[in-house]
Amino acid sequence: MSYTQEQIDRANQVNLEQFLRSQGEELIKSGREYRWKNHDSLTVKGNKWFRHSQSKGGYPIDFVMEFYNKTFPEAMQMLIGEEAIEIAALCKQYDVPFFINDNVEIAIKCKADGIHVGQEDMVATQVRQKVGEDMMIGVSVHSVEEALEAVKNGADCLGVGAMFSTSTKTDVDVLPKEILKDICEAVDVPVVAIGGIGKGNMLELSGTKVDGVALVSAIFAAEDIESECRLLRKLSEEMVRA
């Protein structure tokens, strides 16, 4: 790909720090650069936008010209797609199923093992038409009625929550554990609990017959993520056996 001098000059005038902040993105000071909070592998400095990609040998790649003339949503889609491809490959290496949340196009692009959609997204039958028969489909549900409808429409697994108060999503209600148990007993597909779950409250879900838990803050807020994941897995296995 080649660029005119005018394109290069215009790209060199971009202040990406100001631009990202104007789009509501959070940047964290890291030495002389800024780390993009929502994309840990990216750093920004002035008009330079770098991706520290393991698949590219770990060296920073200048994204300024690559995104020239793209809208911000288009640039985000490109970034998310490339990150998803790398994560999908890593998960495959360790034989871990990889699900994409909400974004069907990205799930198809990175050949994810599954796609998870919410009640406000397209129904499972529509998702199936897009992703084909090989990709698993997960659906968020909040009642037995929604769970039965999702399974009827072809859901392979369900996400139920929020089980506890969570800062990851502020527009959700906390569900009673009795509803989680009722859903688990009503369907014959795996059910995963989500929302505000951590090592301090996970065992409170014992006896609900849930098949697992989905975690965000409990992992990313940890100082030692690997050790924390080992502990969380041990607790989740204990919870499921109870």
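Since this is a predicted model, take the numbers as computed values, not measurements. (Residues numbered from 1 in each chain as written. Predicted model: local features only at pLDDT ≥ 70, side-chain atom pairs only at ≥ 80, totals over all residues. Heavy atoms only, no water.)

**Regarding the overall build of the protein chain**
Item 1. Helix and strand content of the protein chain: nine helices and eleven strands.
Item 2. Relative to its 242 residues, the protein chain shows a buried fraction of 38%.
Item 3. Taking the intrachain contacts of the protein chain between residues at least 6 apart in sequence as the baseline, contacts between residues at least 24 apart amount to 43%.
Item 4. A total accessible area of about 14,600 Å² is found for the protein chain, and carbon and sulfur atoms account for 50% of it. (Helix = DSSP H or I, 4+ residues; strand = E, 2+ residues; numbered from the N terminus. Buried < 20%, exposed > 50% of the residue type's maximum accessible area, 1.4 Å probe, protein only. Contact = heavy atoms within 4.5 Å. Areas by Shrake-Rupley, 256 points an atom, 1.4 Å probe, with all protein chains shown as cover.)

**Thoughts on the packing of aromatic side chains**
Given two aromatic rings, one states the distance between the centres and the angle between the planes to describe the pair.
Item 1. With the rule as written, the count across this model stands at zero aromatic pairs.
Item 2. Between the NZ or CZ atom of Arg 21 and the centre of the ring of Tyr 34, over which it lies, the distance is 5.0 Å. (Phe/Tyr/Trp six-rings, centres within 6.5 Å; stacked < 30°, edge-to-face > 60°. Lys NZ or Arg CZ within 6 Å of the ring centre and 35° of its normal.)

**So, the pattern of salt bridges**
Item 1. Going through the model one piece at a time under the given rule, you end up with five salt bridges.
Item 2. For the salt bridge of Lys 209 with Glu 185, the shortest nitrogen-to-oxygen distance reads 3.4 Å. Pair noted here: Lys 209 is in the loop between β10 (191-194) and β11 (212-214) and Glu 185 is in helix α7 (residues 177-186), with a separation of 24 residues, a long-range link.
Item 3. Glu 185 gets classed as partly exposed once you look at its relative accessible area, which sits at 45%.
Item 4. Of the charged contacts, one joins Arg 233 and Glu 237 as a salt bridge, the two residues approaching to 3.1 Å between their closest N and O atoms. In this pair, Arg 233 and Glu 237 both sit in helix α9 (residues 225-241), four residues apart, roughly one turn of the helix. (Salt bridge = Lys/Arg side-chain N within 4 Å of Asp/Glu carboxyl O.)

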